[in-house]
Amino acid sequence: MTRDIAAVVVLFHPEVGPLLEALRAWLSEAEAVICIDNGGCSADVRAAVARLAPGRLHVIAMHCNAGVGAAHNRGIAEARRLGCSHVVLGDQDSVPRPGMVAELLRTEAQAGAAGLRVSAVGPRYIDADSGRQSWFVRCGLVSFRRIHCDDPTGWVTSDFLISSGSLIRLSTLDAVGPMDEGLFIDMVDTDWFLRASHAGFVAVGACGAWMSHHLGEHKVVIRLPRLRTLPVHKPFRYYFMFRNSLVLYRRPYATLAWIVPDVLRLAQIALFFGVLHASRRDNLRMMLRGISDGLRGTSGPGPLTERTG
């Protein structure tokens, strides 16, 4: 257990068994665990969580689905109130492996000693369904490049990290700013890392830190040009993917090095899930709605908030 660290775990319609397993793992890694109920926690779930670790586990109800950015910001505010130095972001689908947070802190210290202004440190993750191991990412000329770890105990620089598992100093959040609540779901982490990079910070991947993580409802394997595994989402998610990317393209800190591969990423999603996938009609309708709202600069929960469960 690491003191002065608060794990901020966002909940949305969780199942009690997997949730308690995840929270026990977070409690073994951090002094405080802050659960943000973003909607859908039943009375049984709330009672089971309340019994788990009184005094160390804090539950904050948002009373509705306020989005990922708002949930993270509320948890970060509570971590400040508790006097923590860092937060590590999480959700009900992420389970840290033993020693993950200590390894993230060790990596942060090493990267800082090497002269980097560290925005966040993130772990590698193992897909809980397939067993595949993740990699880190940098922007290439026309695509996102996979960055693998040559040294299993070392670290690499990355342009982005997924929010779940990311360790961030509260002082860095002071410098970069909070999560953008208007993005609601997708691209919240991308926006924050673009801002952090613009301010001179660098994201770091910790090769020796691990967590288990679920991505998407299920997955499909495609060849373009190499074999790739893509998570399949409910149609409403494609609205936010397309809308929020278009919103971010116009922001001053959005670099061409990121925009070009992101446009191609969206083109691939449009092809496979808007044209070829069995749910293409609903998916394509959401993508087109997202493009329309993105071009208008729309933010917030969008037109389908009541259907995001």
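Before reading on, note that the structure itself is shown above.
Reference entry: report on the structure contained in this document. In this text, all values refer to a predicted model and were calculated from it rather than measured experimentally. (Residues numbered from 1 in each chain as written. Predicted model: local features only at pLDDT ≥ 70, side-chain atom pairs only at ≥ 80, totals over all residues. Heavy atoms only, no water.)

Secondary structure assignment for the protein yields 9 helices and 13 strands. The C-alpha radius of gyration of the protein comes to 19 Å, within 12% of the 19 Å expected for a compact globule of 309 residues. Once the C-alpha set of the protein is aligned to its principal axes, its extents read approximately 50 × 50 × 35 Å. Within the protein, contacts between residues separated by at least 24 positions form 75% of all contacts whose residues are at least 6 apart in sequence. (Helix = DSSP H or I, 4+ residues; strand = E, 2+ residues; numbered from the N terminus. Rg over C-alpha atoms; globule rule 2.2 N^0.38 Å. Contact = heavy atoms within 4.5 Å.)

Next up on the list: the nonpolar core. Generally speaking, nonpolar side chains in soluble globular proteins are found buried as a group. Core analysis: the largest hydrophobic core is formed by 56 residues, its most contacted members being Val87, Ile168, Leu173, Trp192, Trp258, Ile269 and Phe273. If you tally residues by element for this core, the top one is helix α7 (residues 235-249), at 7 residues. Apart from residues lying up to four places away in sequence, valine 87 is in contact with Ala6, Val8, Ile76, Ala79, Ser166, Leu167, Ile168, Leu170 and Leu173. Among the nonpolar cores identified, the runner-up in size contains 31 residues, and Leu20, Ala48, Ala206 and Ala209 belong to it. (Core = buried A, V, L, I, M, F, W, Y, C linked by side-chain atoms within 4.5 Å. Buried < 20%, exposed > 50% of the residue type's maximum accessible area, 1.4 Å probe, protein only.)

With that settled, consider the packing of aromatic side chains. Tallied over the entire structure, the rule returns 6 aromatic pairs. Look at tryptophan 192 and phenylalanine 193: their rings are 5.3 Å apart centre to centre, the planes differ by 85°, and that puts the pair in the edge-to-face class. Side by side, tryptophan 192 and phenylalanine 193 carry an identical accessibility label, which is buried. Ring geometry for tyrosine 239 against phenylalanine 240: centres 5.0 Å apart, planes inclined by 85°, an arrangement best described as edge-to-face. Look at tyrosine 239 and you get buried, because its relative accessible area is 1%. Residue phenylalanine 240 is classed as buried on the basis of its relative accessible area, which comes to 1%. Taken together, the aromatic side chains of Phe184, Phe236, Tyr239 and Phe240 make up a single cluster linked through ring pairs. Of note, arginine 117 hangs over the ring of phenylalanine 201, and the distance from its end group to the ring centre comes to 4.0 Å. The ring of tryptophan 135 carries arginine 146 above its face, with NZ or CZ at 3.9 Å from the centroid. (Phe/Tyr/Trp six-rings, centres within 6.5 Å; stacked < 30°, edge-to-face > 60°. Lys NZ or Arg CZ within 6 Å of the ring centre and 35° of its normal.)

Moving on, we come to the state of the cysteines. Applying the stated criterion across every chain yields a total of 1 disulfide. The partner cysteine of cysteine 149 in its disulfide is cysteine 207, sulfur to sulfur 2.1 Å. Judged by the torsion about the S-S bond (-80°), the cysteine 149/cysteine 207 disulfide is left-handed. One end of the pair, cysteine 149, is in the loop between β8 (144-147) and β9 (155-158); the other, cysteine 207, is in strand β11 (residues 202-213), with 58 residues separating them in the sequence. By relative accessible area, which is 1% here, cysteine 207 ends up buried. (Disulfide = S-S within 2.5 Å.)

Turning to the layout of surface pockets, a few remarks are in order. Computed from the structure, the second largest pocket encloses a volume of approximately 220 Å³. Forming the walls of the second largest pocket are 16 residues, and the residues nearest its centre are Asp159, Phe160, Phe193, Leu194 and Ser197. It is helix α6 (residues 188-198) that contributes the most residues to the lining of the second largest pocket, 5 residues altogether. (1 Å grid on protein atoms, 1.4 Å probe; cavity = no way out; pocket = protein on both sides within 12 Å on 5 of 7 lines; lining within 4 Å. Points joined across faces, edges and corners; volume = space filled by probe spheres on them.)

A few words on the pattern of salt bridges. In the structure shown here, the tally under the stated rule is 12 salt bridges. Between aspartate 174 and arginine 80 there is a salt bridge, with the nearest N and O atoms lying 2.7 Å from each other. With a gap of 94 residues between them, aspartate 174 in helix α5 (residues 170-176) and arginine 80 in helix α3 (residues 68-81) connect regions that are remote in the sequence. Using a relative accessible area of 53% as the deciding quantity, one classes aspartate 174 as exposed. Where glutamate 108 meets arginine 169, a salt bridge forms, and the shortest distance between an N and an O atom there is 3.2 Å. Taken together, the residues span a long stretch of sequence, with glutamate 108 in helix α4 (residues 100-113) and arginine 169 in strand β10 (residues 167-169) at a distance of 61 residues. On the basis of relative accessibility, which here comes to 9%, the residue glutamate 108 falls in the buried class. On the basis of relative accessibility, which here comes to 36%, the residue arginine 169 falls in the partly exposed class. One salt-bridge network, held together by shared partners, links Asp180, Asp191, Arg195 and Arg251. (Salt bridge = Lys/Arg side-chain N within 4 Å of Asp/Glu carboxyl O.)

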